[in-house]
Amino acid sequence: MAARVSVALCTYNGAAYLEEQLLSVLGQSLRPDEIVVSDDGSTDETLDVVQRVISAAPAVEVLVLTNATALGVTANFEKALAACTGDLIALCDQDDVWWPDRVERMVAEFTSRPALQMVHADARLVDAAGAPLGLTLLQTLGVSDADRAAVHAGHATDAYLRRNIVTGATMMVRRELVERSRPFPAAWVHDEWMAMVAAATGLVDLLEEPLTDYRQHGGNQIGVTTLDASGKLGRLRAPRTARNARLLARAAELQRRAATFEPEASASVLALIDAKLAHEARRSALPVARLLRVGPIVRGWRSGDYSRFGLGLQDVLRDLVQPV
């Protein structure tokens with residue numbers, strides 16, 4: 001029996017681009033069975049666009065949920081995902097455009113690999129008008145060959161503990177992964193959290209082909225982090241306290257929840273998560289005086305933790321020079 005496919009689409013004041021996205025979902029070569037829209041208190045014509053496009057759509061089940069009080073991106077996606085009834089669920093942003101074979105291509109991966117829990121893909125970056133920017137998402141995020149190889153080889157946890165390389169707008173997951181991942185912790189973004197749970201407890205993979213036009217228009221709820229020279233310089237100048245506290249909180253929540261994951265995470269994965277927490281605790285406790293940071297940072301570099309759990313020399317430099 002063919003898998004039933006749901007789409008979890010979250011909206012918030014997205015009327016400008018939503019029609020094009022909905023039409024791309026409805027125009028898939030393998031049409032989804034269900035679309036769940038969760039609107040986070042839009043004050044524009046978002047819901048009118050949904051009703052207009054859906055009313056003229058082919059036979060697809062549609063559920064529209066509305067939040068009287070805004071939940072925020074992560075909680076809104078959790079609500080949409082929880083309401084989906086499909087065996088497979090594709091996450092959907094309101095302002096992108098799906099390539100016609102996105103659903104078919106991803107469903108084929110799950111069909112051929114019953115153990116697969118989550119798959120994500122590359123995307124083509126486009127501007128507000130939909131014109132290609134000449135880059136893909138993975139290129140812009142600086143995803144290394146080593147990270148790609150780790151994911152393909154079944155060691156995605158190694159890659160994801162360094163930094164997130166999974167973007168929700170490119171994901172498809174099994175519904176049981178959503179159930180195992182809930183409740184989503186406040187310290188994590190929904191896509192990062194599900195990716196981590198999937199990698200720690202099962203099989204994930206990355207499709208290195210673009211299947212989505214990922215629109216960058218300045219008003220994205222969550223967009224691509226700038227990784228060019230100016231972006232890196234800006235991060236060196238940014239205060240470190242809040243960011244490091246956030247990283248520590250994420251690592252602590254992951255370590256706490258990992259002990260309860262089902263299926264049970266392996267001893268090696270749990271040990272890696274413990275080591276990640278210890279690394280973030282050391283970084284968060286670095287002294288205010290930059291000179292006094294040198295010793296613990298050098299020890300962390302020599303132990304390999306800056307490469308295992310971050311961006312290597314980039315994070316070393318960041319910890320050495322960032323102001324409090």
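Procedures and definitions
- Residues numbered from 1 in each chain as written.
- Predicted model: local features only at pLDDT ≥ 70, side-chain atom pairs only at ≥ 80, totals over all residues.
- Heavy atoms only, no water.
- Helix = DSSP H or I, 4+ residues; strand = E, 2+ residues; numbered from the N terminus.
- Rg over C-alpha atoms; globule rule 2.2 N^0.38 Å.
- Buried < 20%, exposed > 50% of the residue type's maximum accessible area, 1.4 Å probe, protein only.
- Areas by Shrake-Rupley, 256 points an atom, 1.4 Å probe, with all protein chains shown as cover.
- Lys, Arg positive; Asp, Glu negative; His and termini not counted.
- Charge placed at Lys NZ, Arg CZ, Asp CG, Glu CD.
- Arc of directions from axis to C-beta.
- Salt bridge = Lys/Arg side-chain N within 4 Å of Asp/Glu carboxyl O.
- Contact = heavy atoms within 4.5 Å.

Student: What should I look at first to understand the overall build of the protein chain in this one?
Tutor: Summing up its helical and strand segments, the protein chain has 15 helices and nine strands in all. Rg of the C-alpha trace for the protein chain: 20 Å, near the compact-globule value of 20 Å for 324 residues, within the 12% margin. Taking the principal axes of the C-alpha coordinates as reference, the protein chain spans close to 65 × 40 × 40 Å. Looking at the 324 residues of the protein chain, the share that counts as buried comes to 48%. Counting every atom, the protein chain has about 14200 Å² of accessible surface; 57% of that belongs to carbon and sulfur. Each charge class in the protein chain was averaged separately, 34 positive and 40 negative side chains, and the resulting centres sit 10 Å apart.

Student: Help me understand helix α15 (residues 313-321), please; the structure alone is not making it clear to me.
Tutor: An α-helical turn contains 3.6 residues, so a residue and the one three or four places further along point in the same direction. Residues of α15 that are buried: D315, V316, R318 and D319. All buried residues of α15 project into a common sector of 165° when viewed along the axis, lining one side.

Student: Looking at this structure, how should I read the environment of G130?
Tutor: Structurally, the position occupied by G130 is in the loop between β6 (116-126) and β7 (132-136). Between the C-alpha atom of G130 and that of V143, which follows or precedes it by 13 residues, the distance is 23 Å.

Student: Explain the pattern of salt bridges here, please?
Tutor: Side chains that differ in charge, positive against negative, can pair when their charged atoms come close. Using the criterion set out here, one finds 23 salt bridges in the structure. One salt bridge connects R257 with E253, and the closest N-O pair in it is separated by 3.9 Å. A residue pair is termed a helical-turn pair when its members lie 3 or 4 positions apart in one helix, as R257 and E253 do in helix α11 (residues 241-258) at four residues. One salt bridge in this structure joins D305 and R282, with 2.5 Å as the shortest N-O distance.

Student: When you look at the environment of F77 in this model, what are you seeing that I'm missing?
Tutor: Locating F77 in the fold gives a position in helix α3 (residues 73-83). Sequence separation of F77 and D39 is 38 residues, and the distance between their C-alpha atoms is 9.7 Å. Apart from residues no more than four positions distant in its own chain, F77 is found in contact with A8, C10, L91, C92, D93 and H190.

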